[in-house]
Amino acid sequence: MPLPLSNAPMSQAMSRFEYLTKHIVSSIGFRLTLLLAGGLALYLIVAGFSISALLQQKQGLKELSGLHYERALTAAELSRDAEVIAAQTFENILSTNRSVTQEGALNQDLVDLYHYVRNQLTATNEIEQGYIDEIDRWQKPYFKSLDKLALRMEEERRFAEQEQALLLKLIQTNKQIQTSLSHQQESLSYTIDTQDLLAAQNIINTCLIALKSEKNGQLHQLQQQANQILSNQLMGQPKLQRKLSLLVQETFDLRKPLTLSHRATLSSAREARLYAQRLTTSSYNYFQSLKSTAHKAARNYEQAVQHALILVAFFSILFLISIFLTVMFIRRRLVDRLDHLSDIMSAHVAGDPKAIPTQGDDEISVIGQAFEVFVDARNHAEQRLNQAQTDTQQANNQLRRLNRQLLILSETDPLTETANRRYFDQRLQDNWQIALNLQQPLALIMCDIDQFKSYNDHYGHQAGDICLKQIAKTLTQVVKDVPDSLLGRYGGEKFIILTPDSTEEQAAGIAEKLRLAIIDMQLKHEGSEYQVVTLSLGVSSTIPSNEKTLDRLIQQADNALYKAKGYGRNRTAKATLLSLF
């Protein structure tokens, strides 16, 4: 017996612990936290590998760009500098505008730049060292040939200066001979014969041709030709012969060494070009070697990047799988239940109530239970609101009907269904103010049924009411074609028509249409001299002002009406004229 008593509290504690453990493990929050922690751990692993891969790529890229590509670019720059030096040298040779101030054939700045770039070259293996040695082997004779070419060009420049000075002498002498020829033609007493002057000019031309000749055979022929002219044609002019002989001798003594100097310059240029080609070829070969090494390093770098990408992709896939599992858990345990509850809520809002899920004791079940209480309260409130809205709508409809009836009664004559006196006066007052502001005319037509009292006495008051209705209907049909017009019953058998923006003439025309329309009705009236019901009409119109009044306008229309009555009825009278229609 003591053993069970002592074990009972322990069993209860173990049962409570198992219950709490089971409750915690099976809870949505615990599972979701566990999945999120696993996803975060995988994310940190992926981030760590990614950072490590990026650091390795950074180091490889630094080595690739800083060592291989930089050395390749240095070799390419060396080859370019050698070509630029050669190109600049040959540009000086080919220049047709060399003068005393012409720069030397070799640009020392370019040479210094070339040596600076050369000192940047380094070798990492025997093959690269061999290319550098080959560059050093060709650069010495190359710059030596450039110095030799510079000396040849300087020598040629001096000869060119002498040639320029001699050319000026020949041109001056030629001008003197041409001047002598012109004087010879003007005066027969000139001391030098024309034939001698022509011969001298021929010698000058021969010297000028010789200055541009490049062939030794042609130079020899030109020299013999000049000497022959000197000895055969200028014997009678010893002074001129001696001057021209010195020019001929100076011309051919200068032209021969100048031709030899030019040929020597071209020979030096070809030699410099040959060494330049060999030097640039060596530099290019070195560049190709460095380029091949850079490509190999780039391939190694690419393989390292691929390896890093594979690792990152592997861990990224694991991370995506964990995310997928987390999403599926959230979808099944949270989203689906929440969507179902949301659909039910939306159905209730749309007026299609469905059963609300309230089973369970978790948060979603509590939300369902709370919503069920809210729906019950809302349904009760909606019932009360619908009843109140129904009652309010019925009351509003009844009120609108009463308002419409009241408005009709307040504005319309009940017998003729035209505007009553109160509404007509209100509209007349409004139109008077509008016409006053716009300074437009405002017209009134006052009409009265002729001998209507005798009509009532003869046919009875009920027939008289019918007659008034028929006449009001006809007047309405005519007046509706007049813009902004208004027909009203002024009292008894008298009607009044408002026609805004109408002169007296226009209003009289409308009145005449009204009168003729009543005659066309052919309402029998035995007490009338016309045997039918007729109208008498009075017309008045004015442009409102502060000195005029509305009552005066009404009085004028009424006076015109009685004028029409006095002149025999069934006619229209205007207030401002005594003439009748």
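Please refer to the structure higher up on the page.
First, a word on scope: everything that follows refers to the structure included in this document. Residue positions within a chain follow its written sequence, with the count starting from 1. Confidence filtering applies because this is a predicted model: local features only for residues at pLDDT of at least 70, side-chain atom pairs given and counted only at 80 or more, and all residues used for totals across whole chains, interfaces and linings. For the side-chain quantities, the full set of heavy atoms in the structure was used; hydrogens and water were omitted.

### Details of the overall build of the chain
So, point 1. Numbering goes from the N terminus for both helices and strands, where a helix is a DSSP run of H or I of at least four residues and a strand is a run of E of at least two. Looking only at helices and strands, the chain features 13 helices and five strands.
So, point 2. With a 1.4 Å probe rolled over the protein chains alone, any residue whose accessible area is under 20% of its type maximum counts as buried; one over 50% counts as exposed, and the rest are partly exposed. Across the 581 residues of the chain, 36% fall into the buried class.
So, point 3. Excluding contacts between residues fewer than 6 apart, the proportion of contacts in the chain whose partners are at least 24 apart in sequence is 72%.
So, point 4. All accessible-area figures derive from a Shrake-Rupley calculation using a 1.4 Å probe, and residue coverage is judged against the displayed protein chains alone. Accessible surface, the chain: about 35,300 Å² in total, of which carbon and sulfur atoms supply 57%. In what follows, residue pairs with any heavy atoms lying within 4.5 Å of each other are defined as contacts.

### Remarks on the environment of lysine 565
So, point 1. Mapped onto the elements of the fold, lysine 565 is located in helix H13 (residues 550-566).
So, point 2. If sequence neighbours within four positions are ignored, lysine 565 has contacts with Asp448, Ile449, Asp450, Gln451 and Ser536.
So, point 3. Among the polar contacts made by the side chain of lysine 565, one reaches the side chain of aspartate 450 at a distance of 2.8 Å. For this analysis, a polar contact is any N or O atom pair within 3.5 Å, provided that within protein one partner can donate a hydrogen and the other can accept it, and provided that sequence-adjacent residues contribute only side-chain to side-chain pairs.

### Points about unusual backbone geometry
So, point 1. The phi dihedral of glutamine 451 is positive, around 50 degrees, even though this residue is not glycine.
So, point 2. Considering the arrangement of structural elements, one finds glutamine 451 in the loop between strand E1 (442-449) and helix H10 (452-459).
So, point 3. Even without glycine at this site, aspartate 501 takes up a positive phi of about 55 degrees.
So, point 4. Locating aspartate 501 in the fold gives a position in the loop between strand E3 (494-500) and helix H12 (504-521).
So, point 5. According to the relative accessible area criterion, aspartate 501 is partly exposed, its value standing at 45%.

### Topic: the side chain of serine 502
So, point 1. Mapping serine 502 onto the fold places it in the loop between E3 and H12.
So, point 2. Of note is the side chain of serine 502, whose polar atom sits 3.2 Å from the backbone oxygen of proline 500.

### Things to note about the packing of helix H11 (residues 461-479) against H12
So, point 1. Between N-to-C directions, angles cover 0 to 180 degrees, with each direction set by a line fitted to C-alpha atoms, over the stretch in contact for helices. Relative orientation of the contacting elements H11 and H12 amounts to 135 degrees, with a least axis distance of 10 Å. With respect to H12, the element H11 is oriented oblique. Note on packing geometry: the crossing formed by H11 with H12 is right-handed. Contacts between H11 and H12 involve Gln470, Ile471, Thr474, Leu475, Val478 and Val479 on the former and, on the latter, Lys513, Leu514, Ala517, Ile518 and Met521. For classification purposes, angles smaller than 35 degrees are called roughly parallel, those larger than 145 roughly antiparallel, those between 65 and 115 roughly perpendicular, and all remaining angles oblique. Crossing handedness follows the turn of the near helix against the far one: under a right angle anticlockwise gives a left-handed crossing, and clockwise gives a right-handed one.

### Concerning the packing of aromatic side chains
So, point 1. Each Phe, Tyr or Trp ring, with Trp reduced to its six-membered ring, pairs with another whose centre is within 6.5 Å; inter-plane angles below 30 degrees give stacked pairs, above 60 give edge-to-face pairs, and intermediate values give tilted ones. Scanning the entire structure with this criterion turns up two aromatic pairs.
So, point 2. Both rings, one in phenylalanine 452 and one in tyrosine 455, keep their centres 5.9 Å apart while their planes meet at 10 degrees; by these two values the pair is stacked. Linking phenylalanine 452 with tyrosine 455, this pair stays in helix H10, spanning three residues, or about one helical turn.
So, point 3. Classification of tyrosine 455 as buried rests on a relative accessible area of 9%.
So, point 4. Feature note: the residues Phe452, Tyr455 and Tyr459 constitute an aromatic cluster, connected by ring pairs.

### Remarks on the sheet that holds strand E4 (residues 535-542)
So, point 1. The pairing criterion for strands is at least two bridges between them, as found by DSSP. Taken together, the five strands give an open sheet; going across it, the order is E2-E3-E1-E4-E5, and neighbouring strands pair in mixed fashion. The sheet terminates laterally at strand E2 (486-491) and strand E5 (572-574), the two strands that pair on one side only. Adjacent strand axes in the sheet meet at a mean angle of 20 degrees, parallel and antiparallel pairs treated alike.
So, point 2. Sheet analysis places E4 next to E5, joined by three bridges and oriented parallel.

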